[in-house]
Amino acid sequence: MHKLWLIIKREYLIRVKKKSFIIITLLTPLAFGLFIIGSGLLAKTMADSKKSVLVKDDTGIFERNYEGDGNILFDFTHADVNDLKNTYKTDGYDILLVIPAVIDTSFKTHNAQYFAEEKIGLTTLERIESIISYQFENYKMEKAGIDKAMLDDFKVDVGLQNGYTMETAGDEAEKSTATDKTGKLSLIIATVLGGVMGFLMYMVIFIFGSMVMRSVMEEKVNRIVEVMISSVKPFELMLGKVIGVGGVGLTQLLLWVILIPVIAMIAGLFVNDPMQAAQMTDAMSQLPQDTGDFSVAMVLAEFRMLNWWVILPVFIIFFLGGYLIYSSLFAAIGSAMGDDMGESQGLMWPIVIPVIFAFMIMMNTLENPNSSLAVFGSIFPLFSPIVMPARLVFDPPAWQIITSLVLLVLTALLFIWISGRIYRIGILMYGKKVTLKEVGKWLFRA
Amino acid sequence: MEDILKIDRVVKRFTNLTAVNEISLNVKRASIFGLLGPNGAGKTTLIRIITSITGADEGTVYFNGEPLNKFHPTKIGYLPEERGLYKKMKIGEHLLYLAQLKGMDYKSARKVVLEWLDKFEIRNWWNKKVEELSKGMQQKVQFIATVMHDPELIILDEPFSGLDPINTNLIKSEIYKLKEKGTTIIFSTHRMEQVEEICEEIALIDKGKVILQGRVDDIKQQFKEHKFEVSFNGQFNEEMIEGKADILDRNQDSLIFKLHGETGSNQLLMNLIQQGLEIKSFSEILPGLNEIFIREVEQNAL
């Protein structure tokens, strides 16, 4: 036990002390922070660039009804278009908008022109379009004698929400307005988050698994392994390596879990004073049409509503289980390989195929989190480390999580044992190309 | 308890080869024992069984009279023929690591490692990385790693390969010192002149079996061919030894001959003296281990 600890310590420290590890571990959250600052600055410049538009509205519709908008300021004029073209710039407007008169009141399309010296962004353009079209819509309704308030009354926004989460979420009054959007929003968040977690597992398995494999091969090629196993059992050496490298992965993960939110928060403070953020969300929600946009505040609220106290620990257990299964397999394969990685590539498929399968099931799970394939994938222990984290956000039944966890732990133990048996023979095997069949035979050798 | 190691009918089979086939050997405490044999004879496999790296299929290895158990590896030091170190580790921490794996606590490990580094005058290597050292320098570090935990039994597989004469002598003298202290050394090599120089007893292994074993002197006696060399002043003619010996080689003032079975060397020498030859030297030519090795292995191949 003491020796195992010594091995774990060495394998862990030698990697954690490496410059590349420190750089990557610290740089990733920093990059995250920079991304936030960058996109914040971008939003800021966008918000700063308020456009003032001079409108010559020959229809009179727009002018009559328009109430104002946060980012685009409209001023109205009746001067001659040709004169305006020359003067709008000097009068301090960015854009000249000309809306010709309506001839046929049953119009379905209406073309307006704009004049601008600088190129106008697509967003601004679409914004202006939607504002005008909203006004026309109102106008036409009025014309047809439809009471807008009455029409609004007819509209029913259907929000499909998970009944179970509804029961647990806050008080009724507040919800009635919120849920119609959050139902969909939480689904989007769950899909993204599930995808991120599944993908993370997939990456972790390959990155840290191959780290274990390379290190085993190095020991074998280096010939230190014979010195080592004259002091410790091969199994201890393998297990120590697997645990040590796993510790490195866990360290990195935990540091990120702590550092990324902290840096994100600092970066957030750095970019936005809250006033501006409020203004921005305000501006967005003022959009006359419901375009499916969600405010940052809503996303954050949704994030807070996820039960992280279940998701995070379970994720970490699946991380460990999946890591143990696959990295011990990687260790076994590494021990069977010679110094030539290319030559023994065929040994890799027992790892690659299940991982790829799991990844595909995971992608499918994001769309159908409760399909039988998803349920199978999240319980079958070779797939569950990748599939279950993706499903976790969709609140799978507890019995499935527990079954999956139990199977995962048992399988991890089994695979460590199997890999140990292959490893102890593989590391002393030199100068021979090994086939999978032979590796299989090692299992049963005394 | 004279023998530190007793190997009793040990067998190790691989899929299509019996690497060790009922080998029995005894190694005396505080002796230097040569384990010889051609490539692929089964030496390495036998060593791996002794060091608990692999298990035997049949038979038992006794260490200090007990069957091998998990505590014995800490009392054995093994320098494999194919050796290596972790390239990225510093010499000091590497040796500390290996010493602790051999069961030493940090403090005494540190003390011992420093002692050995001082002994070889390489204390300033403590913070050097393994990859910065030459092959021969690494070899020294490796030797320290083998002996630092003060094992009762040290197994050295080709310990001098890649070493210059100065370092060879350095290691050799350390081996003798260890032996004086009571450490037993098993020495495996192909270099027969080293065996003759260093070992007291040997075992010659071929095709998984012991084909020859015993004290080096005894083996030489056993294989002696009654060859003598005599050098002299005066006139020699062949009649002087007629019927008693065959001349193998003859020079102006020396002679190599082989005695016939029934004639004693004293008798022949007396003859020569009586016939007026002035003898300068007279010595028996014993076969070298090299010859014995080659002859025995070739015979075993038949």
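Residues numbered from 1 in each chain as written. Chains lettered and ligands numbered in written order. Predicted model: local features only at pLDDT ≥ 70, side-chain atom pairs only at ≥ 80, totals over all residues. Heavy atoms only, no water.

### Comments concerning the interface of chain A and chain B
Thought 1: Taken together, the contacts link 21 residues of chain A with 26 residues of chain B.
Thought 2: Between chain A and chain B, a total of about 2,300 Å² is buried, with carbon and sulfur atoms accounting for 57% of that surface.
Thought 3: Among the residues chain A hides against chain B, the three largest losses belong to Arg10(A), Glu226(A) and Ser230(A). Together they make up 25% of the total.
Thought 4: The partner of Arg48(B) in a salt bridge is Glu226(A), and the shortest N-O contact between them spans 3.1 Å.
Thought 5: Counting residues per element, the ones that place at least two in the side of chain A that touches chain B are helix H1 (2-16), helix H8 (172-222) and helix H9 (224-229) of chain A.
Thought 6: At six residues, H1(A) tops the list of elements feeding residues into the side of chain A that touches chain B.
Thought 7: When its residues are assigned to classes, the side of chain A that touches chain B shows 10 nonpolar, three polar and eight charged. (Contact = heavy atoms within 4.5 Å. Buried area = accessible area lost by both parts, 1.4 Å probe. Salt bridge = Lys/Arg side-chain N within 4 Å of Asp/Glu carboxyl O. Helix = DSSP H or I, 4+ residues; strand = E, 2+ residues; numbered from the N terminus. Nonpolar A, V, L, I, M, F, W, Y, C, P; charged D, E, K, R; others polar.)

### Some thoughts on unusual backbone geometry
All names here are of chain B.
Thought 1: If you check the backbone angles, Ser-52 has positive phi at about 65° while not being a glycine.
Thought 2: Mapping Ser-52 onto the fold places it in the loop between helix H1 (43-50) and strand S4 (58-63).
Thought 3: Judged by relative accessible area, Ser-52 falls into the partly exposed class, the value being 32%.
Thought 4: At Glu-158, a residue that is not glycine, the phi angle is positive and equals roughly 50°.
Thought 5: Mapped onto the elements, Glu-158 comes out in the loop between strand S7 (153-157) and helix H5 (165-181). (Buried < 20%, exposed > 50% of the residue type's maximum accessible area, 1.4 Å probe, protein only.)

### A look at the packing of helix H2 (residues 91-101) of chain B against helix H3 (residues 106-119) of chain B
All names here are of chain B.
Thought 1: For the pair H2 and H3, interaxial distance at closest approach is 9 Å and the crossing angle is 130°. Between H2 and H3, the interaxial angle falls into the category oblique. Here H2 and H3 pass one another in a crossing that is right-handed. Judged by residue contacts, Leu-95, Leu-96, Ala-99 and Gln-100 of H2 engage Tyr-106, Ala-109, Arg-110, Val-113 and Leu-117 from H3. (Axes fitted to C-alpha atoms, helices over the stretch in contact; angles between N-to-C directions. Parallel < 35°, antiparallel > 145°, perpendicular 65-115°, else oblique. Left-handed = near helix turned anticlockwise from the far one by under 90°.)

### What about the pairing of strand S9 (residues 201-206) of chain B?
Residues and elements named next belong to chain B.
Thought 1: Among the six residues that make up S9, six are buried, leaving the element largely enclosed by the rest of the structure.
Thought 2: Here S9 shows no split at all, with Glu-201, Ala-203 and Ile-205 on one side and Ile-202, Leu-204 and Asp-206 on the other all buried.
Thought 3: Note: strand S3 (residues 32-36) against S9, four bridges, orientation parallel. Across the sheet, the residue bridging to Phe-33 is Glu-201, located in S9.
Thought 4: Where S9 and strand S10 (residues 209-215) come together, six bridges link them in antiparallel fashion. (Pairing = 2+ DSSP bridges.)

### As for the sheet that holds S3(B)
All names here are of chain B.
Thought 1: With mixed pairing, six strands are arranged side by side in an open sheet as S6-S7-S8-S3-S9-S10. The sheet is open, and its two edges are formed by strand S6 (76-79) and S10, each paired on a single side. The sheet shows a mean angle of 15° between the axes of neighbouring strands, taken without regard to direction.
Thought 2: Of the pairings in the sheet, the one linking S3 to strand S8 (residues 184-188) comprises four bridges and is parallel in character. In the sheet register, Gly-34 faces S8, and the bridge partner there is Phe-187.
Thought 3: Sitting on the sheet, helix H4 (residues 135-147) touches S6 and S7, and the angle it makes with S6 is about 160°.

In short, geometric facts, not functional conclusions.
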